[in-house]
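Close look at the chain arrangement
Chain by chain, the residues:
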Amino acid sequence: MKFVRRLTTTATSTSNFTNSATATNLTKLFNKYVDPTNIFSWNAVIQDLARCGDSIEALRAFSSLRKLSIHPNRVTFPCALKSCSALDDLSSGKQTHQQALVFGYATDLFVTSALIDMYCKCGELSDARMVFDEIPFRNVVSWTSMINGFVENGEAGSAMRVFKEFLGEEGGEEELRVDEVALISVLSACSKMPGKGVTEGVHGFSLKRGLDGYLGIGNTLIDAYAKCGKVGVSRNVFDGMIEKDVVSWNSMIALYAQNGNSSEALRVFKAMCKEEDVYWNEVTLSAALLACSHSGALQIARCIHSQATKTGMGQNVFIGTSLIDMYFKCGKVEFARETFENMMNKNVTSWTAMIAGYGMHGLAQDAMDIFHEMRKLAVRPNYVTFVSVLAACGHAGLVEEGRHWFNAMKHEYDIEPGVEHYGCMVDLLGRAGCIKEAYNLTQEMKVKPDSVVWGSLLSACRVHKNVEFGEIAAARLFELEPTNCGYYVLLSNMYADSGRWNDVERMRNLIKTHCLAKKPGFSVVEARGKVHVFLVGDKEHPQREKIYEYLANLLVKLREVGYVPNNGSVLHDVDSEEQEMTLRIHSEKLAVAFGILNTIPGTVIHITKNLRVCSDCHTAIKLIAKVVSREIVVRDSKRFHHFKGGVCSCGDYW
């Protein structure tokens with residue numbers, strides 16, 4: 001019996017089993033210490049194999065005991081069914097179900113709960129429901145199994161309906177009342193039903209029943225509210241938890257980081273580090289690194305990298321990939337490459353992070369070199385890899401290369417292009433001036449174009465002054481995102497460039513009628529380990545007077561070397577003097593001035609902006625870099641710009 005080789009514990013002493021024993025000796029030892037005629041011994045064997053993940057051997061053991069005509073009991077079937085679930089083996093699951101019927105365990109609560117779980121994990125919800133409905137006296141475990149089964153199969157609505165049934169059949173006995181385990185499953189269903197108010201209702205139920213104090217309930221509530229977009233409520237739940245574990249802390253750090261609130265994410269991370277009884281793990285560090293990458297907090301990120309190395313987590317592929325992503329997004333290309341080279345184990349995500357990183361810095365050739373090296377090492381690219389490859393081509397204008405890999409991903413790798421791939425191709429073609437081809441591609445898409453696709457086309461039409469297709473793209477965007485003021489402004493400026501002032505007035509009226517406001521731009525710069533945020537015309541920063549004075553003097557020097565304000569970067573409905581003043585106080589210019597004032601000469605200045613850098617600021621920063629002899633790295637919403645000696649790494653193609 002091969003399954004004996006995996007035997008580590010049994011109902012009797014098996015400590016005499018040695019790793020060096022031969023198969024024959026193992027069989028003898030099994031027969032010596034385990035009674036082959038005793039169902040309890042067999043149950044211990046099957047349980048051990050299932051627990052060790054050797055599901056195939058567990059089922060073979062179950063088959064062997066049946067061949068010996070030994071009668072299984074109510075403990076035998078759940079272990080065998082667990083192995084069927086792990087293998088996604090519906091056929092064996094049904095055979096085991098049949099055996100349970102034969103031996104009279106069809107309505108046993110222990111067995112039926114395992115049957116429900118098995119059918120749900122195999123995707124047979126109707127069979128699971130049939131088993132559930134035939135249980136004469138259901139307990140909380142039965143109800144929880146059915147609710148959880150619907151949740152795991154994406155049927156959140158059905159899960160909530162079962163929960164309502166449960167409440168209707170609740171009794172006074174403890175085993176017939178909703179417990180914390182059942183409520184965790186219900187809250188998991190709530191997280192998949194955002195915007196319907198169910199999370200608040202279940203939260204109120206937990207408070208009424210006194211279940212809110214359980215750690216698992218608190219952690220699941222944080223996640224449920226987060227997926228409903230209620231970050232503040234998630235924080236209230238977190239703050240109100242008497243007990244917190246690493247999952248609680250990780251959830252809050254990741255939640256803030258993923259929602260762009262990097263400063264709060266790092267504050268929570270620092271608070272966690274002060275806790276004596278909670279220790280961070282690789283998930284914690286990855287979430288903290290994500291926060292650093294969003295805010296450009298390089299010094300904090302370097303400290304996290306150091307801690308990961310000291311604790312032996314530096315070689316964790318999860319941490320390594322997060323570090324690569326962080327260094328690229330903080331503008332440190334060489335550090336990202338060094339981290340990648342030092343990784344002993346790399347997976348497809350690590351390679352993809354390198355391709356994406358080089359691409360966003362405009363280093364398309366380096367990105368393609370990594371891609372080709374990846375393929376030579378037989379690492380199969382995935383869906384995300386091709387998004388990164390096409391984006392890299394787009395940043396550098398590699399039209400033919402982009403066309404080739406867009407077609408190859410389907411024909412060579414059997415990956416169907418998704419909306420992200422189409423978005424990259426529309427962006428690539430549009431920037432290259434192939435507006436008609438880009439539009440035709442949107443009409444050929446097998447998936448519905450989203451706002452990213454149409455936004456890329458609209459931006460390309462603005463650059464190439466193609467009002468015809470710009471109006472088509474804008475019309476689609478007004479349907480998809482009617483409250484996004486940026487699209488109205490972009491089309492208005494296109495009309496102004498073409499001298500269509502009646503249409504400019506029409507756009508202005510639409511903006512006023514819908515009470516729209518343009519998304520405020522801000523720029524972030526790190527100095528002495530602290531992150532500073534600047535808004536347009538910022539009047540709150542402690543050094544504001546010094547910054548504006550320095551910027552005014554700097555603009556005089558820029559004019560001497562040929563700087564002329566590009567008024568096309570602001571609305572056309574204000575006079576030229578006001579346009580120039582607006583340009584002068586753009587957030588990226590303020591951040592650059594602050595960076596120069598607060599760093600030693602020769603230091604590279606790193607700026608992060610939430611929107612695309614405007615053409616005027618792009619021109620101005622090129623000249624600033626030349627005048628002050630500094631390298632300035634600006635990361636906007638699209639890519640990185642490395643300014644040095646009066647030129648930009650993008651080659652003015654962005």
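Computed from a prediction, not measured in an experiment: that's the story for all the values here.

Quick notes on unusual backbone geometry
With a phi angle near 60°, Ser69 is a residue other than glycine that sits in the positive phi range. Within the secondary structure, Ser69 is located in the loop between α3 (55–67) and α4 (76–87). Classification of Ser69 by relative accessible area gives exposed; the value is 56%. We note that Cys515 has phi near 50°; this positive angle belongs to a residue other than glycine. Inspection of the secondary structure puts Cys515 in the loop between α29 (501–513) and β1 (522–527).

Description of the pattern of salt bridges
Tallying each qualifying case throughout the model produces 29 salt bridges. Of the charged contacts in the structure, one is a salt bridge between Lys446 and Glu416, with a shortest N-O distance of 3.3 Å. Highlighted residues: Lys446 in the loop between α25 (435–444) and α26 (451–463) and Glu416 in the loop between α23 (399–411) and α24 (419–431), separated in sequence by 30 residues. Taking the relative accessible area as the measure of exposure, Glu416 reaches 32% and is therefore partly exposed.

A closer look at the UniProt feature "repeat: PPR" (unreviewed entry) in the chain
The sites that carry the UniProt feature "repeat: PPR" (unreviewed entry) are, in the present numbering, residues 38–72, 108–142, 245–275 and 347–381. Helix makes up 81% of residues 245–275 and strand 0%, and the two end C-alpha atoms of the span are 10 Å apart. Along residues 347–381 one finds 74% helix and 0% strand; the C-alpha atoms at either end are 10 Å apart.

Topic: the packing of aromatic side chains
For the structure on display, the rule yields 17 aromatic pairs. With 5.4 Å between their ring centres and 55° between their planes, Phe386 and Tyr413 make a pair best called tilted. Residue Phe386 is found in helix α22 (residues 383–396), and its partner Tyr413 is found in the loop between α23 and α24; the two are separated by 27 residues along the sequence. Classification of Phe386 by relative accessible area gives buried; the value is 0%. Through successive ring pairs, a cluster of aromatic residues spans Phe371, Phe386, Trp405 and Tyr413. Geometry around Phe132 places Arg138 over its ring, the cationic atom sitting 4.3 Å from the centre. A cation over an aromatic ring shows up here: Lys332 above the ring of Phe335, its NZ or CZ 5.6 Å from the ring centre.

About the thresholds
Residues numbered from 1 in each chain as written. Predicted model: local features only at pLDDT ≥ 70, side-chain atom pairs only at ≥ 80, totals over all residues. Heavy atoms only, no water. Helix = DSSP H or I, 4+ residues; strand = E, 2+ residues; numbered from the N terminus. Buried < 20%, exposed > 50% of the residue type's maximum accessible area, 1.4 Å probe, protein only. Salt bridge = Lys/Arg side-chain N within 4 Å of Asp/Glu carboxyl O. UniProt positions renumbered as here; feature names shortened; annotations may be inferred. Phe/Tyr/Trp six-rings, centres within 6.5 Å; stacked < 30°, edge-to-face > 60°. Lys NZ or Arg CZ within 6 Å of the ring centre and 35° of its normal.

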